[in-house]
Amino acid sequence: MASIERHDYDVVVIGAGGAGLRAAIAAAEEGARTALVCKSLLGKAHTVMAEGGVAAALGNVAPDDNWRVHFQDTMFGGKYLNNWHMAELHAKEAPDRVRELEQWGGVFDRTPDRKMSQRAFGGHTHRRLVHIGDRTGLELLRTLQDKAVHSGIDVFMECTITRLLKEGERVCGAVGYRRADGNFVTFGSGALVLATGGAGKCWRITSNSWECTGDGYGLAFGAGADLIDMEFVQFHPTGMVWPPGVVGLLVTEAVRGEGGILRNSTGERFMERYDPKRLELSTRDVVARAIFTEVKEGRGSPHGGVFLDVSHLPADTVRRKLPSMYDQFMELAGVDITRGPMEVGPTCHYFMGGIRVNAETGASSVPGLFATGECSGGMNGANRLGGNSLSDLLVFGRRAGQGAAHDAADRGAPQLDDAQIEDAIGEMTRYRSGPGTEDPYALHAELQATMQSDVGIFRDEAGLSDAVEHLDGLARRAASVRAAVAKREYNPGWHLCRDLQNMLIVSRAVARAALLRHESRGAHSRLDFPAYDDYWSEHNVVVCKDGDGVRLEPQPVPKTRDLIPLVEQRKEAERT
Amino acid sequence: MSTRTLQLWRGDASGGELVGYEIEAETGMVVLDAVLAIQRSQAKDLAVRWNCKAAKCGSCSAEINGRPRLMCKTRLDHLPEHEPITVEPLKAFPVIRDLVTDVSWNYEVNKRIPPFTPRRDVEWSIGQDDVDRMSEFRKCIECFLCQDVCHILRDHHLHQSYFGPRFLVRIASLEMHPLDTADRTGLVTDEGGLGLCNITKCCSEVCPESIHITDNAIIPLKERVVDRRYDPLIKLLRRRRRR
């Protein structure tokens, strides 16, 4: 292994979105020699797609707001499956994390008395989201990026990690390749933080970028770490379904708020059958279920959605109240929404589940391995509130960075096991020049088709069972996947071979956890179990590695005794 | 559906050429869709950099029909219908492979800019007018199209003595922060090569975020440098202080 590039650090952070950047900054502040490794260029991560804001109970606009209300909102939004202590720490620490961003140069919209302004958002009792226009994620990412650049962190851009290395039970490093030249690289680490985001690319219709292939879930699971709440994948009911370039792009709920009408291919206002009282302004799960059913029963629009129409409203009103939707459809779809209907359908948005972590340190169930951000699970329970992802990554990114730095302290450079490195490199070499014949692009398309049709926003026993079977078959075929061209340099076909393996681990975990949870709760809707279930209201599904197989274990929701009064108070308020 | 021809630049640092591909163009397809469709079916090793596909990350920069643009924001049907569409890598940076260039120089430049350095022990009070002024610059998605089109980098290759429009914008956003205390006027003049910019405004024209790079960032920076460095009174005071 002498010829392979090797780097040693106290802390290696994988992923450079908001969570990874915040973790790296925290680790460096603790004195750890820190590396940040990411698949793309720095500052391009999916965090840029967050628009609305960062949730933090600052009380700048609503003096009644405080961490207790934010905690209660988060728990109610997560249908009480959240890790209580995580939800508590999140609500308590978010305000300090946001103020800190300002000290690092972040710029946010102001109130008339020159404080950070806060806006209202779904599920939040008070006006709570600190924001800058509709590009808060970019502001947050750029602020963290500039802080990290001046924190003595070494950044390895366009470098994909394919395997975690272990010394006994402990994670002690990683192997990867550089995308530009295909050369392999190894890292020795005192502790390692995963901050790789979600896995929206398992679905055909998604708001996620090519990077969101669940690398952290795959790497952690491969190293023996537990995953939790994997059945909870957030879909938004209205995304664009056409044209191809914008499939999955979000269509704001304000379209329906302004009087938009949903119709199927026969012209019927179908919401009259699903929720005659609230119609289009029913809750998201109901609207999404309705759209799903219409399409599945053959009453969909030409491109597999339904029609959302505001053309009965005065054109001026549409342009005034929905300017960005007007522009979005005019520019990208060539549809004048003042004259004709939009086509919309659900779009895969965010993973509530992920690597099971210790609330205070981000430590996973494997020593030396930490996780934070979307790739960790527990904080958001069965459903995430808007604005809580940016605050989540700030609070727990910092905690995971600190946790890793403390864990790594005083550890010398680890002994990396040549056999493990050779095995990891052998795998990647097989994808270029092995005997395999499966096309990664074709398998990815099949995977997406399966997840889209059977593990979407609405699920049932038959569909999920089919999906599990189909995914098992895809996993067998994926063992002999190979790039069409053997080039090492910036070869996306080769890269996809490895990403595909992670997507398969994630997809199988999601499908199997969804099959096990015999109820509907938050983002998990079972057509065959449409109600809440008492047993499942108290249990998370934990996905564990079991030899070469998978074991699913329902485990009690981690609660905090001191918080029982707050939770009970909120449950009581919802009942009355 | 109509058949469109794309001429994609294929090659690496040692050279390359335009290669033609035909695709069935669906209505509303953007150039990035077409390129990714070619990658899935005809050129499975085609190197292209992209991320958000929503004009928010600035990854898919290229030269489309000779003009620096984002592939995700350029619709096929907005380009001349009966001509092939050429897609080439950025010209101001070295090619890695196909449409991907080595833009690491930009990240090195960024490291040399002193970070935000706030005043200590003051109440954090900022007005919306300050925010609006800085916000225009902070919209930047770092697509580097302005760097690509700037003749100082593109034609004269003065990467060693000029930071380029992107980082003049970055410096302007820091300099205009009401609570910042660092002075970057020396840096921007000496190392940053601010004087090299002769205000041709090409950068502003290609900016996908419509930032008025020249008018709102570069010209005010030039004025600030003149005020600080060449104002006779300040020069005198500075000399006094040194004594």
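Residues numbered from 1 in each chain as written. Chains lettered and ligands numbered in written order. Predicted model: local features only at pLDDT ≥ 70, side-chain atom pairs only at ≥ 80, totals over all residues.

A. Here's a closer look at the overall build of chain A. Helices and strands together make up the secondary structure of chain A, namely 16 helices and 21 strands. Compactness check: chain A gives a C-alpha radius of gyration of 23 Å against a globular reference of 25 Å for 576 residues, within 12% of the reference. Structurally, chain A occupies a C-alpha span of about 70 × 60 × 45 Å along its principal axes. Counting only residues that meet the buried cut, chain A has 59% of its 576 residues in that class. Long-range pairs, those at least 24 residues apart, make up 74% of the contacts in chain A between residues at least 6 apart in sequence. (Helix = DSSP H or I, 4+ residues; strand = E, 2+ residues; numbered from the N terminus. Rg over C-alpha atoms; globule rule 2.2 N^0.38 Å. Buried ≥ 20, exposed ≤ 12 C-beta atoms within 10 Å, placed from the backbone. Contact = placed C-beta atoms within 7 Å.)

B. Layout of the overall build of chain B. A count of helices and strands for chain B gives 10 helices and seven strands. Along the three orthogonal principal directions, the C-alpha set of chain B runs to about 70 × 40 × 25 Å. Evaluated residue by residue, chain B yields a buried proportion of 43% over its 243 residues. Taking as baseline every contact in chain B between residues at least 6 positions apart, the subset at least 24 positions apart corresponds to 63%.

C. Just the interface of chain A and chain B, in detail. On the chain B side, the residues contacting the 46 residues of chain A number 43 residues. For the side of chain A that touches chain B, the secondary-structure elements that each account for two or more residues are helix H3 (84-103), helix H4 (136-149), helix H10 (323-333) and helix H15 (492-516) of chain A. With five residues, the single largest contributor to the side of chain A that touches chain B is H4 of chain A. Classifying every residue of the side of chain A that touches chain B gives 22 nonpolar, 12 polar and 12 charged. (Nonpolar A, V, L, I, M, F, W, Y, C, P; charged D, E, K, R; others polar.)

D. The pairing of strand E5 (residues 85-88) of chain B, seen in detail. Residues and elements named next belong to chain B. Here strand E1 (residues 2-12) pairs with E5 via three bridges, running parallel. The residue bridging Gln7 from the neighbouring strand is Thr86, located in E5. Bridge analysis of strand E3 (residues 61-64) against E5 gives two bridges, and the strand direction is antiparallel. Within E5, the position partnered with Ile64 by the bridge is Val87. (Pairing = 2+ DSSP bridges.)

E. View of the sheet that holds strand E13 (residues 306-309) of chain A. Residue and element names in this part refer to chain A. Spatially, E11-E14-E13-E12 is the arrangement adopted by the four strands of the open sheet, whose pairing is antiparallel. Two strands in the sheet have a free side with no partner beyond their single neighbour: strand E11 (233-240) and strand E12 (261-263). Between one strand axis and the next, the sheet turns by 40° as a mean value, whatever way the strands run. Sheet topology note: the E12/E13 ladder contains three bridges and is antiparallel. Across the sheet, residue Leu262 finds its bridge partner in E13, namely Leu308. (Axes fitted to C-alpha atoms, helices over the stretch in contact; angles between N-to-C directions.)

F. Expanded view of H4 of chain A. Helix length check: H4 of chain A (14 residues) gives 20 Å between terminal C-alpha atoms against 20 Å at 1.5 Å per residue, within 8%. Burial analysis of H4 of chain A places 13 of its 14 residues in the buried class, the great majority of the element. (Expected span 1.5 Å × (residues − 1).)

G. View of the sheet that holds strand E10 (residues 227-228) of chain A. Spatial strand order, E17-E15-E10-E20-E21 (chain A): five strands in an open sheet with mixed pairing. With partners counted over all chains shown, the strands left at the sheet margins are strand E17 (376-377) and strand E21 (549-556) of chain A, one partner each.

H. Layout of helix H5 (residues 215-222) of chain A. The buried fraction of H5 of chain A is high, at seven of eight residues. Three or more residues of H5 of chain A are buried, namely Asp215, Gly216, Tyr217, Gly218, Leu219, Ala220 and Phe221 of chain A.

I. Representation of the nonpolar core in the model. Membership of the largest hydrophobic core comes to 248 residues, with the highest contact counts inside it found for Val11, Val13 and Val193 of chain A together with Met71 and Leu168 of chain B. Counting residues per element, this core draws most heavily on H15 of chain A, which supplies 14 residues. Once residues within four sequence positions are removed from consideration, Val13 of chain A is found in contact with Gly20, Ala23, Ala24, Ala27, Thr34, Ala35, Leu36, Val37, Val193 and Ala195 of chain A. (Core = buried A, V, L, I, M, F, W, Y, C linked by C-beta atoms within 7 Å.)

J. Highlighting the environment of Cys212 of chain A. All names here are of chain A. Relative to the helices and strands, Cys212 is located in the loop between strand E9 (184-194) and H5. Owing to 28 C-beta atoms within 10 Å, Cys212 belongs among the buried residues under this scheme. Considering only alpha carbons, one finds Cys212 and Met330, 118 residues apart in sequence, at a separation of 28 Å. If we ignore the near neighbours within four places in the chain, the residues touching Cys212 are His46, Gly197, Gly198, Ala199, Gly200 and Lys201.

K. Structural detail: the domain arrangement of chain B. Residue and element names in this part refer to chain B. By domain assignment, chain B separates into domain 1 (2-101) and domain 2 (104-242). Measuring from the centre of the C-alpha atoms in domain 1 to the corresponding centre in domain 2 gives 31 Å. Taken together, the 12 residues of domain 1 in the interface contact 13 residues of domain 2. A breakdown of the residues in the side of domain 1 that touches domain 2 according to their chemical character gives seven nonpolar, two polar and three charged. (Domains from an automatic or database assignment.)

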